[in-house]
Amino acid sequence: NSWTAVFVSGGWRFVFPLWAFSAIVGHSTGTWTLVESDGQGARETEAKSSGVTVANFNDYYFLTDPDEFIYTCFPHDSKWQLLAKPYTKQQFIDIANCEQAYFENHIQITTKLECLYKSENGVCDIGIKKANEEEFKHLYKLYFNHELSKTKLSKELQLDRYVAVMNNKSAVNFRIRFPGEGIYKMEIYGGSPTGFPLICSFRLDCNEGVSNVKPFPCNPESGFGPNLVTVSAGLEAESHKTGFINVKKNKNVNIRFNLNKHVQVQTVLVHNNIQEEVLSRHVNHKVKGQHLEVNVEVPQQGEYALQINTKPKGSSEPFKNACNYLLASEDMNKKKRFYENAAEKKARNELEGCLKSNDPESIQKAIDNFDQFDLDDKGKREKAERKKNFLVLQKELKEAIARRNVDVLETAIDNAKSSEFSSNLQNHITEAEQLLAELRKLKRFAHEVLQMKQSTISEIHSYKNPRPLAYDVMKATYFLLGEKEDHLQEWEQIQGLMRKSGKQGLLRRVRQFDTINVTENMVNSAAQLLRQYDEETATTASAGLGTFYKWASNVVGNMT
């Protein structure tokens, strides 16, 4: 069980012949009991075994990098570490227990780079991430040492919710709560595109009373916070991009997503002691176009889990979990401070300053920044939230009026009228309703034209020597659609326009017609052509001409 240093291509590297050609399978000290495995409770005690040596070729142990080799092997002579800054023996003993897959998959430990962690208030945090900032799949196993621990775990204790996986983009934090005093082991697997090899493992010592430590409300498979599963479900987090949200009793939390797929959404609030039926009154969601808003108001202090589930719109299949958040209205593990640090003071000043802003996005940014800290808002956060909501509704109405789209206007008007700011927004609402009525009227005017068959238009187009009625009706129609008079001097010119398709097609132009583009001269020119006829005369001449006459007359009448 020795290794060798070799000089290759101008540099020293390591070769470990034994591990390059063999491996031990099934080795166990017999002192560990598996208590939780990737969210599932377990009580599996390992049997003691020396394992079996098997032939196994592993080229990782040919020319291994010295920076990686020191995690496993410590030479008596420090110069043979081949490192510019050699490790002491104590540093080697303390360093994290990282496996081959840790280095091959470019994993980094973001908490302390040691193999032994001690609990604080019954909790330990272990963080890892990929060096290239990629998200990756992972598993974990939590063990209890039943021989070295001074206490035993109660047989009645359910051990399936004592590890929470907190996602933060490419970083993952494992928060471990201890159900009892003792010695534990945490193994983390994953990082590889081909499977779940062991990445690293840690010894966790809990030498304190943990009577106040409770399990998490739930332990979702994908963890807490947006991740690859969230993206796959068609949700992109806009506001809360980490798994933990600090809330206050009776304070509303607004969580926002962009939707990239057409999905139905289900939101569920979970608590260890409160029934789901009761909690359902404290969570709701709303889909506005490509945006999802989830609102939560916790009924009392404590810890909650918010589950956001989706399924394809119109599908009969069951909902699938897409994203989860851990909400806490109090942090039992955190000691209270009676002063604010520099970051907290800055967040408070920004919140107070945003009250003078008329930009809802700037206000929301200040609110999100303030919410990162456990601070008393002194009423300023609520004021900022109300002002932001007012500005958002006002902006929606203005944009809907500018866009002149029936569906967008209807949504903006409904949102404004059902809000607490309806009286403050009345002028904008009235303007939007008047425009909506006009657009609906235009849509009604165009209905009969849009129902015409292409053969009817072809019939009008086929006239070689049309009556003055046909020429005047179609000329008036094209006047209103924005054509210049010098393009309408001859019937052949009108026939050319009627032959066009796509965006310039006649029916497409009628469908997209909007009076905002019509001038007084255009209306007067069309009216002069139409006033010498009536609807009956036009319809008798041709059903198609009667339809265009009716549309043009309605538009003229509506604008005079």
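Now for a quick tour of the structure. Predicted model, so just to flag it, every value in this text is computed and none were measured. (Residues numbered from 1 in each chain as written. Predicted model: local features only at pLDDT ≥ 70, side-chain atom pairs only at ≥ 80, totals over all residues. Heavy atoms only, no water.)

Let us now look at the packing of aromatic side chains. Counted by the stated rule, this structure contains 23 aromatic pairs. Summarising the aromatic geometry, the rings of F21 and F57 are spaced 5.9 Å apart at their centres and angled 45° between planes, so their arrangement reads as tilted. Residue F21 is found in helix α1 (residues 17-21), and its partner F57 is found in the loop between β6 (52-55) and β7 (62-64); the two are separated by 36 residues along the sequence. On the basis of relative accessible area, F21 is assigned to the partly exposed category, the value being 48%. When the ring of Y117 is compared with that of F202, the centres are 5.3 Å apart and the planes differ by 85°; the resulting orientation is edge-to-face. Here Y117 is found in strand β10 (residues 116-118), whereas its partner F202 is found in strand β16 (residues 198-206), with 85 residues between them in sequence. Judged by its relative accessible area of 4%, Y117 is buried. Site record: aromatic cluster; members linked through ring pairs are W3, F14, F16, W19, Y60, Y61 and F69. The ring of F216 carries the charged tip of R177 above its face, separated from the ring centre by 3.7 Å. (Phe/Tyr/Trp six-rings, centres within 6.5 Å; stacked < 30°, edge-to-face > 60°. Helix = DSSP H or I, 4+ residues; strand = E, 2+ residues; numbered from the N terminus. Buried < 20%, exposed > 50% of the residue type's maximum accessible area, 1.4 Å probe, protein only. Lys NZ or Arg CZ within 6 Å of the ring centre and 35° of its normal.)

Apart from glycine, the bulk of residues carry a negative phi angle, and the bulk of peptide bonds sit in the trans form. Backbone geometry places S9, a non-glycine residue, at a positive phi of 50°. Along the chain, S9 turns up in the loop between β1 (4-8) and β2 (11-15). According to the relative accessible area criterion, S9 is exposed, its value standing at 80%. Of note in the backbone geometry, L63 takes a positive phi value of approximately 60° without being a glycine. Relative to the elements of secondary structure, L63 occurs in strand β7.

Ranked by size, the top nonpolar core spans 59 residues in total, and within it M474, Y478, L480 and W551 carry the most contacts. With near-sequence residues (within four places) excluded, W551 lies in contact with F445, A446, V449, T477, L480, L481, V510 and F513. The next biggest cluster of nonpolar side chains, apart from the first, holds 45 residues, and it includes Y117, L153, I188 and C200. (Core = buried A, V, L, I, M, F, W, Y, C linked by side-chain atoms within 4.5 Å. Contact = heavy atoms within 4.5 Å.)

Another aspect to go through is the sheet that holds strand β18 (residues 244-246). Taken together, the 4 strands give an open sheet; going across it, the order is β18-β24-β23-β20, and neighbouring strands pair in mixed fashion. Strands with a single pairing partner mark the edges of an open sheet, and in this sheet they are β18 and β20 (263-271). Averaged over all pairs of adjacent strands, the angle between their axes in this sheet comes to 25°, without regard to strand direction. In terms of strand pairing, β20 meets strand β23 (residues 303-312) through 9 bridges, oriented antiparallel. In the sheet register, L269 faces β23, and the bridge partner there is L306. (Pairing = 2+ DSSP bridges. Axes fitted to C-alpha atoms, helices over the stretch in contact; angles between N-to-C directions.)

We now examine the side chain of S222. Its place among the elements puts S222 in the loop between β16 and α5 (228-232). Using a relative accessible area of 16% as the deciding quantity, one classes S222 as buried. Every residue in contact with S222, bar those within four places of it in the chain, is listed here: N167, N227, V229, N321 and N324.

Here we come to the pattern of salt bridges. Within this structure, the stated rule accounts for 18 salt bridges. Two residues, R256 and E238, come together in a salt bridge whose shortest N-O distance is 3.9 Å. With R256 in strand β19 (residues 252-259) and E238 in the loop between β17 (235-237) and β18, this residue pair connects regions lying 18 residues apart in the sequence. Judged by its relative accessible area of 37%, E238 falls in the partly exposed class. (Salt bridge = Lys/Arg side-chain N within 4 Å of Asp/Glu carboxyl O.)

A separate point is helix α10 (residues 406-417). Relative to the 16 Å expected for 12 residues at 1.5 Å per residue, α10 spans 16 Å between its end C-alpha atoms, a close match to the ideal helical length. Listed in full, the buried residues belonging to α10 are V406, L409, A412, I413, N415 and A416. For α10, the elements touching its buried residues are β21 (283-288), α9 (380-403) and α11 (426-450). With a side-chain oxygen lying 3.0 Å from the backbone nitrogen of D407, the N-terminal cap of α10 falls on N405. (Expected span 1.5 Å × (residues − 1). Polar contact = N/O pair within 3.5 Å; in protein donor to acceptor, adjacent residues only side chain to side chain.)

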